[in-house]
Amino acid sequence: MNNLVNRILVVEDELSHAKAIKRYLLAYADQFEVSVADSLQECRHQISTFCPDILLLDLNLPDGQAIEYLKSTDDKRSYPVLIMTAQGSEELAVEAIKAGALDYIVKTPETFSAMPRIVERSLREWSALQDRQRADAEAGQARQEWETTFDAMSEVITIHDKQMRIVRANAAAYHMTGATPGELIGQRCCEALWSKTSICSECPQVQTIWDGKSHCGMVHHQHNERIFEVTTTPFPASSDLEYYIHVARDITTQKKYEKQLEFQATHDLLTGLTNRVLLKDRLDQAISYAKRSGRYVALVLLDLDRFKVVNDTLGHALGDELLCHVAIRLKKAVRDTDTVARFGGDEFVVMLTQVCDKNDVMAVFDNISEALTAPYELGARRFNLSASFGVSLYPDHSDDSDTLIRYADIAMYQAKKSGNSCAIYTSDMGLEGVDTLELENDLHQAVEHHQLSLHYQPKVNLRTGQIAGCEALLRWQHPQRGMIPPAKFIPIAEQTGLIVPIGRWVIEEACRQSLSWLAAGLPPIRIAVNLSARQFRLGDLAETVKEILDQFGVSSDLLELELTESMIMDDPERARKTLHELKHLGLHLSLDDFGTGYSSLNYLRRFPVDSLKIDQSFIHDVTTDPSGASVVASIVDIAHNLNLNAIAEGVETRDQLEFLVANDCDAVQGYLFSKPLPVPEFTALLAEEKCWFAVAD
Ligand SMILES: Nc1nc2c(ncn2[C@@H]2O[C@@H]3COP(=O)(O)O[C@H]4[C@@H](O)[C@H](n5cnc6c(=O)[nH]c(N)nc65)O[C@@H]4COP(=O)(O)O[C@H]3[C@H]2O)c(=O)[nH]1
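Here the structure is a predicted model, which is why all the values come from computation and not from measurement.

Peer 1: Can you tell me about the overall build of the protein, naming the residues and giving the values?
Peer 2: Of the regular secondary structure elements, the protein holds 29 helices and 28 strands. Out of the 697 residues in the protein, the part that is buried amounts to 47%. Considering only residue pairs separated by 6 or more positions, the protein has 62% of its internal contacts joining residues 24 or more positions apart. Of the roughly 34700 Å² that the protein leaves accessible, carbon and sulfur atoms contribute 50%.

Peer 1: Which residues make up the site of the ligand, and what values go with them?
Peer 2: Around the ligand sit 21 residues in total, of which Gln-457, Arg-475, Gln-616, Glu-652 and Tyr-671 are the nearest. Contact distances for the ligand include 2.9 Å between an oxygen atom and a side-chain N or O atom of Asp-592. Between an oxygen atom of the ligand and a side-chain N or O atom of Glu-649, the distance comes to 3.5 Å. For the ligand, whose free accessible area comes to 790 Å², the fraction covered by protein is 82%. Listed by contribution, the elements that provide at least two residues to the shell around the ligand are β21 (467-478), α18 (486-496) and β25 (588-594). For the shell around the ligand, the element with the most residues is β21, which contributes 4 residues. Across the shell around the ligand, the residue classes break down as 9 nonpolar, 6 polar and 6 charged.

Peer 1: Which residues make up the sheet that holds strand β1 (residues 6-11), and what values do they have?
Peer 2: Read across the open sheet, the 5 strands follow the order β2-β1-β3-β6-β7; overall the sheet is parallel. A single partner strand is all that each edge strand has here, and the edge strands are β2 (32-37) and β7 (103-106). With strand direction ignored, the average angle separating the axes of adjacent strands in the sheet is 20°. With 4 bridges connecting them, β1 and strand β3 (residues 54-58) associate as parallel partners. In the strand pairing of β3, Val-10 is matched with Leu-56. Along the sheet, helix α1 (residues 15-28) contacts β1, β2, β3 and β6 (81-85); its crossing angle with β2, the most-contacted strand, is approximately 170°.

Peer 1: Can you tell me about the pattern of salt bridges, naming the residues and giving the values?
Peer 2: On inspection of all chains with the given rule, the structure shows 35 salt bridges. Glu-147 is the salt-bridge partner of Arg-168, the closest N and O atoms lying 3.1 Å from each other. Within this pair, whereas Arg-168 is found in strand β9 (residues 166-169), its partner Glu-147 is found in helix α6 (residues 115-152), the two being separated by 21 residues in sequence. Judged by its relative accessible area of 27%, Glu-147 falls in the partly exposed class. For Asp-664, the salt bridge identified is with Arg-463, shortest N-O distance 3.2 Å. In this pair, Asp-664 sits in the loop between α27 (654-662) and β28 (667-669) while Arg-463 sits in the loop between β20 (452-461) and β21, placing the two residues 201 residues apart along the sequence.

Peer 1: Run through the sheet that holds strand β19 (residues 422-424), naming residues and quoting values.
Peer 2: Taken in spatial order, the 5 strands make up an open sheet running β14-β15-β13-β18-β19, and their pairing is mixed. Here the strands that pair on one side only, and so sit at the sheet edges, are β14 (339-344) and β19. Each strand axis lies, on average, 20° off the axis of its neighbour in the sheet, ignoring direction. Note: strand β13 (residues 296-304) against strand β15 (residues 347-355), 7 bridges, orientation antiparallel. Bridging from a neighbouring strand, Asp-303 pairs with Glu-347 of β15. Contacts from helix α12 (residues 276-293) reach β13, β14, β15 and β18 (387-394), with the element oriented near 20° to β15.

Peer 1: Got a sec to walk through the side chain of Thr-578? Specific residues and values, please.
Peer 2: The residue Thr-578 is located in helix α23 (residues 572-585) in this model. When sequence neighbours within four positions are dropped, the list of residues in contact with Thr-578 reads Phe-536 and Leu-541.

Peer 1: Any details on unusual backbone geometry? Residues and values, ideally.
Peer 2: Looking along the chain, the bond that leaves Tyr-394 and enters Pro-395 is cis, with omega of 5°. Of note in the backbone geometry, His-450 takes a positive phi value of approximately 55° without being a glycine. Within the secondary structure layout, His-450 lies in the loop between α17 (427-446) and β20. For His-450, a relative accessible area of 70% puts it in the exposed group. Non-glycine residue Asp-593 carries a positive phi angle of around 50°. Within the element layout of this structure, Asp-593 appears in strand β25. Judged by relative accessible area, which is 25%, Asp-593 ranks as partly exposed.

Peer 1: Can you lay out the packing of aromatic side chains for me, pointing to particular residues and giving the numbers?
Peer 2: Applying the stated criterion across every chain, the model contains 11 aromatic pairs. With a centroid separation of 5.8 Å and 35° between ring planes, the pair formed by Tyr-456 and Phe-682 is classed as tilted. Taken as a pair, Tyr-456 in strand β20 and Phe-682 in helix α28 (residues 679-688) lie far apart in primary sequence, 226 residues in all. Comparing Tyr-456 with Phe-682 shows no difference in burial state: the two are buried. Between Phe-673 and Trp-692, the ring centres sit 6.0 Å apart and the planes meet at 90°, which makes this aromatic pair edge-to-face. Of the two residues, Phe-673 sits in the loop between β28 and α28 while Trp-692 sits in the loop between α28 and α29 (693-696), which places them 19 residues apart along the sequence.

Peer 1: I'd like a description of the packing of helix α13 (residues 307-314) against helix α14 (residues 316-333), backed by residues and values.
Peer 2: One way to put it is that α13 packs onto α14 with a least axis distance of 6 Å and a crossing angle of 140°. Considered as vectors, α13 and α14 are oriented oblique to each other. Where α13 abuts α14, its residues Phe-307, Val-310, Asn-311 and Leu-314 lie against His-316, Leu-318, Gly-319, Leu-322 and Leu-323. A class-by-class count of the residues in the contact of α13 with α14 yields 6 nonpolar, 3 polar and no charged.

Peer 1: Could you give me a rundown of the packing of α14 against helix α15 (residues 358-373), with the residues and numbers involved?
Peer 2: Across the interface, α14 lies against α15 with an axial gap of 9 Å and an inter-helix angle of 150°. Our classification of the angle between α14 and α15 gives roughly antiparallel. Like other packed secondary-structure pairs, α14 and α15 cross with a definite hand, here right-handed. On α15, the residues that touch Val-326, Arg-329, Leu-330 and Ala-333 of α14 are Val-364, Asn-367, Ile-368, Ala-371 and Leu-372.

Each value, and the rule that gives it
Positions within a chain are numbered from 1, following the residues in the order the chain's sequence is written. Predicted model: local features are reported for residues with pLDDT of at least 70 only, side-chain atom pairs are reported and counted for 80 or more only, and whole-chain, interface and lining totals are derived from all residues. In computing side-chain properties, one takes all heavy atoms of the structure into account and sets aside hydrogens as well as water. Only runs of H or I of at least four residues qualify as helices and only runs of E of at least two qualify as strands under DSSP, and these elements are numbered from the N terminus. Relative accessible area decides the class of each residue, using a 1.4 Å probe on protein chains only: under 20% of the type maximum gives buried, over 50% gives exposed, and in between gives partly exposed. Contacts are assigned to residue pairs with any non-hydrogen atoms lying within 4.5 Å of each other. Each accessible area is a Shrake-Rupley result for a 1.4 Å probe, and residues are judged covered by the shown protein chains and nothing else. Whether a residue is near a molecule or strand depends on its heavy atoms: if one lies within 4 Å, it is near. Between N or O atoms, a polar contact is any pair within 3.5 Å; within protein, one atom must be a potential hydrogen donor and the other a potential acceptor, and residues adjacent in sequence are included only when both atoms are from side chains. All residues other than Ala, Val, Leu, Ile, Met, Phe, Trp, Tyr, Cys, Pro, Asp, Glu, Lys and Arg, Gly among them, are scored as polar; the first ten of these are nonpolar and the last four charged. Only strands joined by at least two bridges in the DSSP assignment are considered to pair. To obtain an axis, a line is fitted to C-alpha atoms, over the contacting stretch when the element is a helix, and the angle between two such axes runs from 0 to 180 degrees between their N-to-C directions. Between Lys or Arg on one side and Asp or Glu on the other, a salt bridge is scored when a side-chain nitrogen of the former is within 4 Å of a carboxyl oxygen of the latter. What counts as a ring pair is set by centres within 6.5 Å for rings of Phe, Tyr and Trp (its six-membered ring), and what kind of pair is set by the plane angle: stacked under 30 degrees, edge-to-face over 60, tilted for all other angles. In this scheme, roughly parallel covers angles under 35 degrees and roughly antiparallel covers those over 145, while 65 to 115 is roughly perpendicular and the rest are oblique. Handedness of a crossing is defined here by the sense of rotation of the near helix relative to the far one, left-handed for an anticlockwise turn of less than a right angle and right-handed for a clockwise turn.

So, to be careful, I would describe these as geometric facts and stop short of saying anything about function.
In structure tokens form, the structure reads like this:
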């Protein structure tokens, strides 16, 4: 018993009983405080004023029955009530207990004397009862909260037994399955939730049942194609019965998003092809597989030749469409096990794996090349594309993926530069690559530091044997490396854009030289200057040339511009306009390296050019290869049919010269007559007024 005061209200109309009870109680313990009421009315009054901890209530009181009183106050009571009854009224007392009394006492002298212990015990019981009720209420509340939460969870939650039968399911589970409680409870989880007929051993439920630990895994819903992350956790509900909580979270959107991100990180979004990151990964794998299998891996890097022009003239939408067509064709041209990647822009890479024979690479290359060059139809338009290819091989060139990619790139660059469609990497190309970077830096200073100069090579008229003009050829005297050939630095100048100021300088220098020779009293000579593709595309070419001619006061008749076929065929309409503007100034125009590119004779007819320069590669073979000879003869014919002059370049032997004379070529240029000469030597040649017929005869 604690030391707190216990207030006891005794409601008894029989005064002697009340006194006896009070006396026993007060005599028993100090903490008892006793008050007496003799009616229900007084009882009610004292309950509010005395605030009893226990009520000893006589069954029959003058103003009413205790049972009625209990019934009317049952809900609010915070104290125990003991009914006191006379012998023989026990039945009524039991009724009083039903109405809310804690117990009853039959009034006898013995029970009066035992009253303190009865009160003590009753207070203890009451306190325990209160605790239990409070605990029950709290448990009820908790349960309600839990159930609300359980049903409010968006995750599908089920509780199942060891046989994986559902014993409880939340609202999300019913919502997902569309089942009623009757249809879900007792069903096997896999069937009821996931529409699966068999249980997968990797199911987190199965694993949890096996080793008693929580397991998490992914479950694909068989019918609605959604993906769930499922966690199963065991919990002991009683000592011998185990339950498992199964929480399934719908992660379909998350997975979709993850997949999308992964795709974006590893693919080119326009074409859907593999990107550089994934290609490198696959190349690493292919190399390690090839190491074991003793096979080759080939990398074919290709760059579309005229793509920029297509893009600029037709707009990016059509350009994109074209790239998608290229991607499809490349994929079709190789096996499924090979990889086609896009590195951005118009650069694609094909990785060929499990190659047994190196010759197979060239066969695949032929397929690719053929697929790419077939005409493209975009809307009402038809296009032809060509590409430059660079090939590198594992194990011949490297066993490192980055290096192989770089080597394929260097080889492609080499192919482009040399005008061949394909180049296989060789070690000297690699060195050239290193060189290129250094040259690029030095080239920036070349103009400023007067390291550039022009050499002149005569063109000889085959009818007169005399100089018919000359070609100005750029030379770079590098302070450390000595003379660098144009084939090495012009492509760098093209790439960096430096060719524009350099090209302007060449025209200015040719005009300056022309004036200087005239001033020296030498016969007027037409100087041909090579134009670069970039200069030609600039748009203000005619204006620039006119400005230079005006600045030096040189007659336009003394200047010739040499363009290549590819420069004008890139964008024939624009080229035609520019050529007309140049022609309008009075310049001579010639098509250089004729025969090496793709020319449409239809277009050619519409271009105001004066000469076709037959590429030296044809001249080289003219006496050894009958087909080479017929190409040259045809070009001369074409030129004459179009009212153009035919000039052969790279003439080195008398046999070549004789062939050209026999085939009615108009003029020649080549080492047989003279190499390109520095100004003093060429000036001497001019002054000599040399006639080469003696040589040609
Ligand atoms: N094997 C052999 N070669 C001969 C013979 N006769 C002449 N050549 C060389 O053939 C090239 C002819 O010039 P290209 O076709 O315009 O080809 C030129 C031209 O495309 C470019 N280039 C040169 N100067 C300029 C320039 O000022 N501007 C631009 N944009 N390109 C230039 O560089 C290319 C190479 O120029 P070069 O090295 O000077 O090489 C010159 C010349 O030296 C011969 O009988 N045999």
